[in-house]
Amino acid sequence: LAPWCETEESEEAIKEATRNLSSSSGQPSGQPSEATSEGRAALSGAMKSLCIPLEQPPMEEGARCFFTGLPAKRWALFGRSY
């Protein structure tokens, strides 16, 4: 779980930043990724919010969003699509 400001702009910025990271792995865009040493395909795609739990752990006063640094509103689970 990560503290998040829960804005649409931050989610789009997270997607864009992580999409760019996955494409900078040296693999041409649209090409299949090479398998990892365990035989699985490497991750590609963007990170996005997957879940905002209904039961929220306590958040410290002054907690900041892990990505933007804005005041955090809730805890959220993020992951990458592949």
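All of these numbers come straight from a predicted model, not from anything done at the bench. (Residues numbered from 1 in each chain as written. Predicted model: local features only at pLDDT ≥ 70, side-chain atom pairs only at ≥ 80, totals over all residues. Heavy atoms only, no water.)

1. Focus: the overall build of the chain
Heads up, the rule is: Going along the chain from the N terminus, every DSSP run of H or I of four or more residues is numbered as a helix, and every run of E of two or more is numbered as a strand. Think of it in three bands: with a 1.4 Å probe and only protein chains considered, a residue is buried below 20% of the maximum accessible area for its type, exposed above 50%, and partly exposed in between. For this analysis, residues touch if any pair of their heavy atoms sits within 4.5 Å. The method behind every accessible area is Shrake-Rupley, applied with a 1.4 Å probe, and residues are considered shielded solely by the protein chains displayed.
Scanning the chain for helices and strands turns up one helix and three strands. Listing each helix as α and each strand as β along the chain from the N terminus yields β-α-β-β. The buried share of the chain, reckoned over its 82 residues, is 22%. Sequence separation of at least 24 residues holds for 68% of the intrachain contacts in the chain that already meet a minimum separation of 6. Carbon and sulfur atoms make up 53% of the accessible area of the chain, which amounts to about 6,000 Å² in all.

2. Considerations on the sheet that holds strand β3 (residues 74-80)
Selection rule: If DSSP finds at least two bridges between two strands, the strands pair. Simply put, an axis is a line fit to the C-alpha atoms, just over the touching stretch for a helix, and the angle between two N-to-C directions goes from 0 to 180 degrees.
As summarised here, the arrangement of the three strands in space is β1-β3-β2, forming an open sheet in which the pairing is antiparallel. Every interior strand has two partners, whereas the edge strands, β1 (2-4) and β2 (47-51), have only one. Shown here is a sheet whose adjacent strand axes are inclined to one another by a mean of 60°, direction ignored.

3. With respect to the pattern of salt bridges
Operational definition: What counts as a salt bridge is simple: a side-chain nitrogen of Lys or Arg found within 4 Å of a carboxyl oxygen of Asp or Glu.
All chains considered together, the criterion is met by three salt bridges. For E6, the salt bridge is made with R74, and the minimal N-O distance between the two is 3.0 Å. In this pair, E6 sits in the loop between β1 and α1 (8-23) while R74 sits in strand β3, placing the two residues 68 residues apart along the sequence. A salt bridge links E16 to R19, with the nearest nitrogen and oxygen atoms 2.9 Å apart. Note that E16 and R19 are positioned in helix α1 at a spacing of three residues, about one turn of the helix. We classify E16 as partly exposed; its relative accessible area is 40%.

4. Some remarks on a nonpolar patch on the surface
For clarity, the threshold we go by: Nonpolar side chains (Val, Leu, Ile, Met, Phe, Trp, Tyr) are joined into patches within 5 Å and like charges within 9 Å, using only residues with over 30% relative accessible area and no salt bridge.
Judged by side-chain polarity, L1, L50 and L77 come together as a nonpolar surface patch covering roughly 290 Å² of accessible area. Mapping L77 onto the fold places it in strand β3.

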